[in-house]
Amino acid sequence: MFRRTIRKGRKKRALAFEPLERRDLLAVSLNLGGPQVPAPLLTPGAAVENVNVSDDSDFRQSEMSVDVNPTNPLNLAGFSHRVAGGTTQPVIDVYFSEDGGGNWSRTQIDSGFDGLSATAARFDPTIKFDSRGVLHIAYGVSNQLVTARSTDGGQTFQPPTVVAGPTNGLDKWNLAVGSDGLGGEAVYIVYHVINDNELFLTGSNDGGQSFVPPVSITDIGITDDSDVVFFADPT
């Protein structure tokens, strides 16, 4: 800082100069994976077109989530329940698009995929792309938490992994992904066990191929499920 004082008569005036802010020029490059097909731009003022992703007249869908592949923004993926008569069904669906959401296809997740009960509901779907474009999903069935990964945007999945359970009251989980600090990709899952009023965390440092045993992260008393607010963030 430069400061100069000027005296004029009985008045005292000061001039001060603050240092300039540092300015950096940043350049960013992004390598997109897979074939790139330009999506049509929405004309300003034009009506927004709704896309029926599930196209399913037999079941309703609920608790859906969606994510965008950071290595190919035209690849979107969603995950949702099937519901009939107010009952969650033993089949759960992954939806994926390769043209920015204009058209969608479905990958069915059921007992033929995970080898678990053919009649138990599959519930609480959650989904996340990591920085390398690998799609991770997690869901519950028969008091167990199951996760799986896809390297082709949701078209197919590698064999699933049971990361927790069977545990009575196993409920509601969130996925987070990020660098493991060693050059790899980490996957984190935090979940709630209602019966014990306890939160647990498990993680993977090999991109979701295997997970460490869950550890309890509850250090305060939880008296009711409505008291719980939780999330996973790799940062």
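Heads up: the structure comes first, above all this text.
Residues numbered from 1 in each chain as written. Predicted model: local features only at pLDDT ≥ 70, side-chain atom pairs only at ≥ 80, totals over all residues. Heavy atoms only, no water.

K.L.:
Got a sec to walk through unusual backbone geometry? Specific residues and values, please.
P.N.:
For the bond running from Gly165 to Pro166, omega is 5°, close enough to zero to count as cis. Along the chain, the position of Pro166 falls in the loop between strand 10 (161-164) and strand 11 (170-179). If you check the backbone angles, Ser142 has positive phi at about 50° while not being a glycine. On the accessibility criterion, Ser142 (30% relative accessible area) is partly exposed. Its identity is not glycine, yet Lys172 carries a phi of approximately 60°, on the positive side. In this fold, Lys172 is placed in strand 11. (Helix = DSSP H or I, 4+ residues; strand = E, 2+ residues; numbered from the N terminus. Buried < 20%, exposed > 50% of the residue type's maximum accessible area, 1.4 Å probe, protein only.)

K.L.:
How would you explain the packing of aromatic side chains if you had to name every residue and give the values?
P.N.:
Summed over the entire model, instances satisfying the criterion amount to four aromatic pairs. With 6.3 Å between their ring centres and 75° between their planes, Phe113 and Phe157 make a pair best called edge-to-face. One end of the pair, Phe113, is in helix 1 (residues 111-114); the other, Phe157, is in the loop between strand 9 (144-150) and strand 10, with 44 residues separating them in the sequence. For Phe113, a relative accessible area of 21% translates into the label partly exposed. Assessed through its relative accessible area of 15%, Phe157 is described here as buried. Geometrically, the ring pair formed by Tyr191 and Phe200 is stacked, given 5.5 Å between the ring centres and 15° between the ring planes. Of the two residues, Tyr191 and Phe200, neither departs from the other in class, the shared state being buried. (Phe/Tyr/Trp six-rings, centres within 6.5 Å; stacked < 30°, edge-to-face > 60°.)

Spatial relationships are all this shows, so hold off on functional conclusions.
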